[in-house]
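Take a look at the letters that make up each chain.
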Amino acid sequence: MKIQILTLFPQMFSALEHSIIKRAKDKGLVEIEYIDFRNYSKDKHKKVDDYAFGGGAGLVLMAQPIIDCIETIDPLHLAHRIYLTPSAKNLTHKKAVELSKHKNLILLCGHYEGIDQRIIDLVIDETISIGEYVLTGGEIPAMVIVDAVVRHIKGVISVGSLQNESHTTQGQWEYPQYTRPQTIRNLDVPPVLLSGNHAEIEKWKKENSVKFK
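The text that follows walks through the structure, step by step, so that each part is easy to find. (Residues numbered from 1 in each chain as written. Predicted model: local features only at pLDDT ≥ 70, side-chain atom pairs only at ≥ 80, totals over all residues. Heavy atoms only, no water.)

1. A short note on the pattern of salt bridges
- Summed over the entire model, instances satisfying the criterion amount to 10 salt bridges.
- Note that Glu202 is salt-bridged to Lys205, the shortest N-O span being 3.8 Å. One end of the pair is Glu202 and the other is Lys205, both in helix H7 (residues 198-207) and three residues apart, which spans about a single turn.
- Take Glu202: its relative accessible area is 42%, and that puts it in the partly exposed class. (Salt bridge = Lys/Arg side-chain N within 4 Å of Asp/Glu carboxyl O. Helix = DSSP H or I, 4+ residues; strand = E, 2+ residues; numbered from the N terminus. Buried < 20%, exposed > 50% of the residue type's maximum accessible area, 1.4 Å probe, protein only.)

2. As for the sheet that holds strand S5 (residues 80-84)
- Taken together, the five strands give an open sheet; going across it, the order is S2-S1-S6-S5-S7, and neighbouring strands pair in parallel fashion. Looking along the sheet, the strands with just one partner apiece sit at the ends: strand S2 (31-36) and strand S7 (126-128). In this sheet, neighbouring strand axes are inclined to one another by 25° on average, regardless of whether the strands run parallel or antiparallel.
- With five bridges connecting them, strand S1 (residues 2-7) and strand S6 (residues 104-109) associate as parallel partners. Bridged to Ile5 within S6 is Leu107.
- The strands touched by helix H5 (residues 139-150) within the sheet are S1, S2, S5, S6 and S7, with S6 carrying the most contacts at an inclination of about 160°. (Pairing = 2+ DSSP bridges. Axes fitted to C-alpha atoms, helices over the stretch in contact; angles between N-to-C directions. Contact = heavy atoms within 4.5 Å.)

3. Section: the environment of Ala52
- Take Ala52: it is sitting in the loop between strand S3 (49-51) and strand S4 (59-61).
- On a C-alpha basis, the gap between Ala52 and Ile124 in space is 20 Å, while along the polypeptide they are 72 residues apart.

4. A word on the packing of aromatic side chains
- Across all of its chains, the model carries one aromatic pair by this definition.
- Between the aromatic rings of Phe13 and Tyr34, the centroid separation amounts to 5.1 Å while the plane-to-plane angle is 20°, which identifies the pairing as stacked. Of the two residues, Phe13 is situated in the loop between S1 and helix H1 (19-26) and Tyr34 in strand S2; the sequence distance between them amounts to 21 residues.
- Look at Tyr34 and you get partly exposed, because its relative accessible area is 24%. (Phe/Tyr/Trp six-rings, centres within 6.5 Å; stacked < 30°, edge-to-face > 60°.)

5. Examining a nonpolar patch on the surface
- Where nonpolar side chains cluster on the molecular surface, the patch consists of Met12, Tyr133, Leu135, Ile140 and Val144 and spans about 410 Å² of accessible area.
- Mapping Ile140 onto the fold places it in helix H5.
- The exposure class assigned to Ile140 is partly exposed, which follows from its relative accessible area of 44%. (Patch = residues over 30% accessible without salt bridge, like charges linked within 9 Å, V, L, I, M, F, W, Y side chains within 5 Å. Areas by Shrake-Rupley, 256 points an atom, 1.4 Å probe, with all protein chains shown as cover.)

6. Describing the layout of surface pockets
- As a volume, the second largest pocket reaches approximately 310 Å³.
- Surrounding the second largest pocket, 21 residues form its lining, Leu84, Thr85, Pro86, Val134 and Leu135 being those nearest its centre.
- Grouping the constituent residues of the lining of the second largest pocket by class yields 10 nonpolar, 10 polar and one charged. (1 Å grid on protein atoms, 1.4 Å probe; cavity = no way out; pocket = protein on both sides within 12 Å on 5 of 7 lines; lining within 4 Å. Points joined across faces, edges and corners; volume = space filled by probe spheres on them. Nonpolar A, V, L, I, M, F, W, Y, C, P; charged D, E, K, R; others polar.)

This is the structure:
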């Protein structure tokens, strides 16, 4: 998979240069490119924002630099293009799995009061939020999308680990986990997990998976 992230702050993405995401990159399972769309501004001062028509607080990202950037890096529209915004449906486990099936993703990080609506109308396929709150920009949501999606690419994480985690079954969280030592401050590991009885262990796991909604 190739992921291209459009941002004014490429330096913020150092978190994606570690752990499982880095290993996936090193294996050639995912390529991540950070693109500063300011470079596509036709303004002599490389301006990318302006005041909104109709008034309102703050600035809005201009259409020209972003549209030109997207159409330059994806002229045939082969990538699935996503704008990260709080004004959208929330990311879910199901959506992350769905996005992992794409060969190319473009993630657009917004800033200020948002982006010119014509960007969404002309060059964006989908808008996604990571929660019902507002952040200062789309960089952290973009990192969340990358982390949630890349782990579902074949070869990044073992199939068994993906099958037995929270949200794999809709409306259900994973069961409690324990490791050595057997006792900590008078709290013991549940005896069934030490029994060696695999049928009873699986039954315990199902019974102790927390259901919600």
